[in-house]
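Chain by chain, the residues run as shown.
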Amino acid sequence: MAKCVKCGSETQLYVNDSPICVTCDSGKAKAAVASTNLEQARAKWKAAQQEFEIAEAVYVDLAGDNPDGSRALKNANRLLAEAGAEYREALREFVTGKSPQR
Ligand SMILES: [Zn+2]
């Protein structure tokens, strides 16, 4: 029986002509998912940051207590906070390999 290239345990599974055990292979799959999640969360967070900057710029232009401006700013602020939290979770998942607890 072949030995897993990662951990050395016996395996019959081959991926790309390399012997790999089910545990290591599923770990790899999980890491790929976490990496995709991280990319998406980062993109979302960046988009939210841009939204926030635009809302802030508009709010500053409107100068003062324009209700639409302050509502837009609050909304953008909330989206940014949400996207930031999601990004942190995805980052933690990526680094630790653990799914976030919800
Ligand atoms: Zn293994």
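In this report, we go over the structure that sits alongside the text. Per chain, the residues get numbers from 1 upward, laid out in the order the sequence is written. Two thresholds apply to this predicted model, a pLDDT of at least 70 for residue-level local features and 80 or more for giving and counting side-chain atom pairs, whereas whole-chain, interface and lining totals are computed over all residues. Think of the side-chain values as coming from all heavy atoms in the structure, minus any hydrogens and water.

As a further point, take the packing of helix 1 (residues 22–62) against helix 2 (residues 67–96). Between helix 1 and helix 2, the least distance of the axes is 8 Å, while the angle of their chain directions is 160 degrees. The angle between the axes of helix 1 and helix 2 places the two elements in the roughly antiparallel class. Of the two elements, helix 1 crosses helix 2, and the hand of that crossing is left-handed. Of the residues that constitute the contact of helix 1 with helix 2, the class distribution is 20 nonpolar, seven polar and six charged. Angles run from 0 to 180 degrees between N-to-C directions of axes, and those axes are lines fitted to C-alpha atoms, restricted for helices to the stretch in contact. Each helix is a run of H or I in the DSSP string that is no shorter than four residues. Each strand is a run of E no shorter than two, and both are numbered from the N terminus. The scheme is simple: roughly parallel for angles under 35 degrees, roughly antiparallel for over 145, roughly perpendicular for 65 to 115, oblique for anything else. Here a crossing is taken to be left-handed if its near helix is turned anticlockwise relative to the far helix by less than a right angle, and right-handed if that turn runs clockwise. The classification used treats Ala, Val, Leu, Ile, Met, Phe, Trp, Tyr, Cys and Pro as nonpolar, Asp, Glu, Lys and Arg as charged, and all other residues, Gly among them, as polar.

Once that is clear, we can look at the coordination of the zinc ion. With water omitted from the atoms examined, metal sites may look incomplete; donors here are N, O and S atoms no farther than 2.8 Å from the metal, or 3.2 Å in the case of Na, K and Ca. Within the first shell, the zinc ion binds the protein through Cys 4 (SG), Cys 7 (SG), Cys 21 (SG) and Cys 24 (SG), at distances of 2.2 to 2.3 Å. On the primary sequence, the residues serving as donors to the zinc ion are separated as C-x2-C-x13-C-x2-C. In this pair, Cys 4 sits in the loop between strand 1 (2–3) and strand 2 (10–11) while Cys 21 sits in the loop between strand 4 (18–19) and helix 1, placing the two residues 17 residues apart along the sequence. Cys 21 carries the same exposure label as Cys 4, and that label is buried. Three labels apply to residues, based on accessible area from a 1.4 Å probe with only protein chains included: buried if under 20% of the type maximum, exposed if over 50%, partly exposed otherwise in between.

Bringing the nonpolar core into the picture now. To define a nonpolar core, start from buried Ala, Val, Leu, Ile, Met, Phe, Trp, Tyr and Cys residues and group those joined through side-chain atoms within 4.5 Å. Grouped together as the largest cluster of nonpolar side chains are seven residues: Ala 48, Phe 52, Ala 55, Leu 73, Ala 76, Leu 80 and Ala 83. Secondary structure elements with two or more residues in this core: helix 1 and helix 2. It is helix 2 that provides the largest number of residues to this core, a total of four residues. Residues within four places of Ala 48 in sequence aside, it is in contact with Leu 79, Leu 80 and Ala 83. A contact between two residues is defined here by any heavy atoms of the two lying within 4.5 Å.

One less than the residue count of a helix, multiplied by 1.5 Å, gives the span that helix is expected to have. An ideal rise of 1.5 Å per residue puts 44 Å on 30 residues; helix 2 measures up with 43 Å between its terminal C-alpha atoms. Those residues of helix 2 not exposed but buried are Gly 69, Leu 73, Ala 76, Leu 80, Ala 83, Gly 84, Tyr 87, Ala 90 and Glu 93. On the buried face of helix 2, the contacting elements are helix 1. In the segment just after helix 2, Gly 97 is the residue with positive phi, at about 75 degrees.

A few words on helix 1. Here helix 1 spans 59 Å end to end across 41 residues, near enough to the 60 Å set by a 1.5 Å rise per residue. When helix 1 is considered as a whole, its buried residues turn out to be Cys 24, Ala 34, Leu 38, Ala 41, Ala 48, Phe 52 and Ala 55. Packing partners of the buried residues in helix 1 comprise helix 2.

Moving on: the packing of aromatic side chains. When two rings of Phe, Tyr or Trp (its six-membered ring) have centres within 6.5 Å they constitute a pair, described as stacked for plane angles under 30 degrees, edge-to-face for angles over 60, and tilted for the intermediate range. Applying the stated criterion across every chain, the model contains one aromatic pair. Seen in terms of ring centroids, Trp 45 and Tyr 87 are 4.9 Å apart; in terms of plane orientation they differ by 15 degrees. Their pairing is stacked. Placement of the pair is Trp 45 in helix 1 and Tyr 87 in helix 2, with a sequence separation of 42 residues.

As a further point, take the environment of Thr 96. In this fold, Thr 96 is placed in helix 2. Once the C-alpha coordinates of Thr 96 and Ala 31 are considered, the two residues, 65 residues apart in sequence, prove to be 9.7 Å apart. Polar contacts involving the side chain of Thr 96 include one to the main-chain carbonyl oxygen of Arg 92, which spans 2.6 Å. Two N or O atoms form a polar contact when they lie within 3.5 Å of each other; inside protein one atom must be a possible hydrogen donor and the other a possible acceptor, and for residues adjacent in sequence the pair counts only when both atoms belong to side chains.

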